[in-house]
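Remarks on the overall topology
Here's the letter readout for the chains.
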Amino acid sequence: MNIQTVQCLFVWLAFFVFLGLGNVQAQESQQELADKVYTWVNQQREGNSLSTLEVDSRLQTVARAHSQAMHKQNLVAATGPTFDSPEDRIKASGLTEVDTLVVVAKGASWEELVTQLGQEENLQVLLSPAMTHIGVGVTEDGENYWLTVQLVERRITFGTFTFTQTSSIPIRRSLEITGSSDQQKIKVVVIAPGASSTQVASEHVLTPDATGAFDEVLSLGSATGDFQFQFSCLRGDSYTLKHAFTLEVH
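Residues numbered from 1 in each chain as written. Predicted model: local features only at pLDDT ≥ 70, side-chain atom pairs only at ≥ 80, totals over all residues. Heavy atoms only, no water.

Residues Val37, Leu117, Leu126, Ile134, Val136, Leu147 and Val149 are the most contacted members of the largest nonpolar core, which totals 22 residues. Counting only elements with at least two residues in this core, the list comes to α1 (3-47), β2 (100-107), α4 (110-117), β3 (133-140) and β4 (145-152). Sequence-distant contacts of leucine 147, defined by excluding residues within four places in its chain, comprise Val37, Ser67, Met70, Val103, Val104, Ala105, Leu113, Leu117, Val136, Gly137 and Val138. (Core = buried A, V, L, I, M, F, W, Y, C linked by side-chain atoms within 4.5 Å. Buried < 20%, exposed > 50% of the residue type's maximum accessible area, 1.4 Å probe, protein only. Helix = DSSP H or I, 4+ residues; strand = E, 2+ residues; numbered from the N terminus. Contact = heavy atoms within 4.5 Å.)

Our next topic: the pairing of strand β7 (residues 186-191). Each regular strand shows side chains that alternate between the opposite faces of the sheet. Counting buried residues along β7, five of its six residues qualify, which places the element largely inside the surrounding structure. In this structure, β7 lies alongside strand β8 (residues 202-206), joined through five bridges in antiparallel fashion. Bridging from a neighbouring strand, valine 188 pairs with histidine 204 of β8. Where β7 meets strand β10 (residues 225-235), six bridges bridge the pair, whose relative direction is antiparallel. The partner of valine 189 across the bridge, within β10, is glutamine 230. (Pairing = 2+ DSSP bridges.)

Counted by the stated rule, this structure contains nine salt bridges. In this structure, aspartate 56 engages arginine 58 in a salt bridge whose closest nitrogen and oxygen atoms are separated by 3.8 Å. Given a relative accessible area of 7%, aspartate 56 falls into the buried group. Here glutamate 97 and arginine 154 are joined by a salt bridge, their closest N and O atoms 2.5 Å apart. Taken together, the positions of glutamate 97 in the loop between α3 (86-92) and β2 and arginine 154 in the loop between β4 and β5 (156-165) put the pair 57 residues apart, joining distant regions of the chain. The burial state of glutamate 97 is the same as that of arginine 154; both residues are buried. (Salt bridge = Lys/Arg side-chain N within 4 Å of Asp/Glu carboxyl O.)

Here it is in structure tokens:
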């Protein structure tokens, strides 16, 4: 191998190393930008005597996917004819929260993005007192950053779901749910497969213990199919729906 060949190989090696470092730096800059958003949002909330938001990795995934969709369609919007709604994106991810808010932005620098986040309509969303968790998704195309900030109000953290059924005929099924909540009373509504939202299979109130933990067994009867579960928290004199999901029972 002559000197010229070695020099040529060295140039190509250096080129590929440069490309690799460029990808790493781009990925790092996206995470750094996301971290800046987390910090800035919580600083604004602290400055307004509001609780800070907890970062959630699943929300981060939802937000990142929407940023990528905005970039692909070259459209900055939280929802629209070509996008799923924020609520549908939450549901599709397996999260159970009912209340969610979104802020989106596009800019060539952090300074441009933070200017948009600080606009009155966006800041009002980010300072929503009810929100508890945040996910930030960033993608970039070499010219601009595409940003999604997704917030949810999480009042229940679900733990385990355990199905059991009797061996006798007719078969009776039940679902044991464990979890925790900062709420004193939670109304649980179970809607059987094929029933409308007004046809309730069972309804009762669970009360978490002093540590916030609960362990509840819900009777499902003998039906199979998609059961709907709704969890509402007591606010004043009435209950407000906060979590909902569907589970298939065979």
